[in-house]
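# Residue-level structure breakdown
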Amino acid sequence: MKFLHTADLHLGKIVSGVSMLAEQEYILAQITKIAQEEKIDALIVAGDLYDRSIPPADAVNVLNDILVKWNVELGIPIFAISGNHDSAERLSFGTQWYESSKLYMKGKCSAEFEAIPFMDAEVWLVPYHEPAVIREAFNDTSIRSFEDAMQAITKQIRTKWNPEKAQILVGHAFVSGGLPSDSERQLAIGNVDRVSTNCFDGFTYTALGHLHHPHAINHPSIFYSGSPLKYSFSEVSDKKSVRIVEIEGNSLVCVEERLLTPKHDMRIISGTLAELTENLVETPDDFFQVNLMDEGALIDPMGKLRQFYPNILHLERKKQQLKESQASFEEVMKKDDLELFDQFFEYTNGTELTKEQKEKLTNIFELARKEEVE
């Protein structure tokens, strides 16, 4: 069997006040094309279909349209779960009749996990869950952490699976050692949201969502697909993709990446205002974080830059790293006006006063003192 693994669509995502929905529709069309080219037997979406629990209507329409395209028009079976951004209850709506067209959508965890037989495999859908939910469902007060919860779930699954068949788990979790990015929402404070790789021992393929880096973890049978788009500037070096997975019998044969090309890339560029406006970078309509290296004050730099780079999401002024001052109060009081102003100027602008500026300030201070005396 061959299937496509993706996750973290985050439909309705807004980055720095800009809706990503048009970008998401563009990338979903690419995923559709890849699914057709690869002649896949099934498609997995491992959570975070939406970016928030109450998604905007246009995001709901986009998800509806793509599920119709994949499942109804192309006849591709779909295995999908809720993530930590989704509303489990909303995604659970209609699941019983969706199954008649082989759209398997699981939003909420229950006390019993049941396999979905598919070709020569069994598929287990494990939506995102808080430890308290599993503690109550399993009536087990010893379940206190995300690790405890996942261990309890996979332990139950192992008592039910058919060892003669390939075992595929679809989950949404933070595996210990995984590489996060700035666009993921923390599941808990500190590291208590982590689960160990041995939770998934014995599974032929574990298809995960939550971490957006496509290579968030290096493991022979546990894989993140990563998000299909960059959602923060910590991901600028990522090459986004979907995974094409082949299984023969109960063995994992091949896991390949099919790269995705966004409509507008997310990039970081640096330079002075003059450099960036006189020598435009390639594809200036991409999404940019601009690091301006100019010294001194600038009038409306964002407005000027947007004439050339319409999709700037973030602007930063970069200053030279200043040395920490260890001067005591007495030492500061011994400094004259010019020394104090020079120190203030360096703090605010990142550079020292020039010789010409010091001469002008000396004259200004002397003139001010004369006026005070008079």
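Residues numbered from 1 in each chain as written. Predicted model: local features only at pLDDT ≥ 70, side-chain atom pairs only at ≥ 80, totals over all residues. Heavy atoms only, no water.

Under an unreviewed UniProt entry, the protein has the name Nuclease SbcCD subunit D and belongs to Listeria immobilis. The heading Function (unreviewed entry) in the UniProt record of the protein holds the text "SbcCD cleaves DNA hairpin structures. These structures can inhibit DNA replication and are intermediates in certain DNA recombination reactions. The complex acts as a 3'->5' double strand exonuclease that can open hairpins. It also has a 5' single-strand endonuclease activity." The heading Subunit (unreviewed entry) in the UniProt record of the protein holds the text "Heterodimer of SbcC and SbcD." (UniProt positions renumbered as here; feature names shortened; annotations may be inferred.)

## A word on the overall build of the protein
The secondary structure content of the protein amounts to 11 helices and 18 strands. In the protein, which comprises 374 residues, the proportion classed as buried is 47%. Nonlocal contacts in the protein, meaning residues at least 24 apart in sequence, comprise 67% of its contacts between residues at least 6 apart. (Helix = DSSP H or I, 4+ residues; strand = E, 2+ residues; numbered from the N terminus. Buried < 20%, exposed > 50% of the residue type's maximum accessible area, 1.4 Å probe, protein only. Contact = heavy atoms within 4.5 Å.)

## Observations regarding the sheet that holds strand 15 (residues 251-259)
Strand order in the open sheet formed by 6 strands is 6-5-4-1-14-15, with mixed pairing between adjacent strands. The open sheet terminates on both sides in strands that have one partner only, identified here as strand 6 (103-106) and strand 15. For this sheet the average axis-to-axis angle between neighbouring strands, irrespective of direction, equals 20°. When strand 1 (residues 2-6) meets strand 4 (residues 42-46), the two strands line up parallel, connected through 4 bridges. Each residue of the ladder has a partner; that of Phe3, found in strand 4, is Ala42. (Pairing = 2+ DSSP bridges. Axes fitted to C-alpha atoms, helices over the stretch in contact; angles between N-to-C directions.)

## So, the nonpolar core
The biggest cluster of nonpolar side chains holds 37 residues, and the ones touching the most others in it are Leu4, Leu11, Leu28, Leu67 and Trp70. In this structure Leu11 touches Gln24, Leu28, Leu49, Tyr50, Asp51, Ala59, Val62 and Leu63, once residues within four positions along its chain are discounted. Core analysis: the second largest hydrophobic core is formed by 28 residues, Cys109, Trp124, Tyr128 and Ala216 among them. (Core = buried A, V, L, I, M, F, W, Y, C linked by side-chain atoms within 4.5 Å.)

## As for the side chain of Ser225
Mapped onto the secondary structure, Ser225 falls in the loop between strand 13 (222-224) and strand 14 (241-248). Within polar-contact distance, the side chain of Ser225 engages the backbone nitrogen of Ala7 at 3.1 Å. When sequence neighbours within four positions are dropped, the list of residues in contact with Ser225 reads His5, Thr6, Ala7, Leu208, Pro214, Ser241 and Arg243. (Polar contact = N/O pair within 3.5 Å; in protein donor to acceptor, adjacent residues only side chain to side chain.)

## Here we look at the pattern of salt bridges
According to the stated counting rule, one finds 13 salt bridges in the structure shown. Residue Glu235 pairs with Lys240 through a salt bridge whose shortest N-O separation is 2.9 Å. A residue is classified by how much of its surface remains accessible, and Glu235, at 0% relative accessible area, is buried. Using a relative accessible area of 5% as the deciding quantity, one classes Lys240 as buried. Asp238 is the salt-bridge partner of Lys240, the closest N and O atoms lying 3.4 Å from each other. Neither Lys240 nor Asp238 differs from the other in exposure class; each is buried. Among the charged side chains, a network of salt bridges with common partners joins Lys2, Glu37, Glu38 and Arg258. (Salt bridge = Lys/Arg side-chain N within 4 Å of Asp/Glu carboxyl O.)

## Focus on the packing of aromatic side chains
Two measures describe an aromatic ring pair: the distance that separates the ring centres and the angle between the ring planes. Enumeration over the complete set of coordinates arrives at 9 aromatic pairs. Relative to Tyr205, the ring of Phe3 lies with its centre 5.5 Å away and its plane at 75°, an arrangement referred to as edge-to-face. Taken as a pair, Phe3 in strand 1 and Tyr205 in strand 12 (residues 205-209) lie far apart in primary sequence, 202 residues in all. Here the two residues Phe3 and Tyr205 agree in accessibility, since each one is buried. Each ring, one from Phe79 and one from Phe118, has its centre 5.3 Å from the other, and the planes form 80°; the classification is edge-to-face. A residue pair is termed long-range when its members are at least 10 positions apart, and Phe79 in strand 5 (residues 78-81) and Phe118 in strand 7 (residues 116-118) qualify at 39 residues. There is no split in this pair, since Phe79 and Phe118 are both buried. The rings of Phe3, Tyr205 and Phe223 are connected pair by pair, giving a single aromatic cluster. Over the ring of Phe174 we find Arg194; its NZ or CZ atom is 3.7 Å from the centre of that ring. (Phe/Tyr/Trp six-rings, centres within 6.5 Å; stacked < 30°, edge-to-face > 60°. Lys NZ or Arg CZ within 6 Å of the ring centre and 35° of its normal.)

## Overview of the environment of Ala274
Structurally, the position occupied by Ala274 is in helix 7 (residues 273-278). Taking the C-alpha atoms as reference, Ala274 lies 9.6 Å from Leu305; in sequence the two are 31 residues apart.

## Examining the confidence of the model for the protein
Put simply, the protein has an average pLDDT of 89, and 89% of its residues get 70 or more. Confidence drops under a pLDDT of 50 for residues 320-324, and excluding neighbours within four residues, the segment shows 6 contacts in the predicted structure. (pLDDT = per-residue confidence, 0-100.)

## Concerning the sheet that holds strand 13
Read across the sheet, 5 strands follow the order 7-8-9-12-13 without closing on themselves; strand pairing throughout is mixed. Each end of this open sheet is capped by a strand with a single partner; those strands are strand 7 and strand 13. Here the average twist between neighbouring strands, direction ignored, is 25°. Of the pairings in the sheet, the one linking strand 9 (residues 166-172) to strand 12 comprises 5 bridges and is parallel in character.

## Digging into the packing of helix 5 (residues 131-138) against helix 6 (residues 146-160)
It is at 8 Å that the axes of helix 5 and helix 6 come closest, and there the two elements cross at 45°. Overall, the two elements helix 5 and helix 6 adopt an arrangement that is oblique. Of the two elements, helix 5 crosses helix 6, and the hand of that crossing is left-handed. Taking contact as the criterion, the partners of Pro131, Ile134 and Phe138 in helix 5 are, on helix 6, Phe146, Ala149, Ala152, Ile153 and Gln156. When grouped by side-chain class, the residues that make up the contact of helix 5 with helix 6 number 7 nonpolar, 1 polar and no charged. (Parallel < 35°, antiparallel > 145°, perpendicular 65-115°, else oblique. Left-handed = near helix turned anticlockwise from the far one by under 90°. Nonpolar A, V, L, I, M, F, W, Y, C, P; charged D, E, K, R; others polar.)

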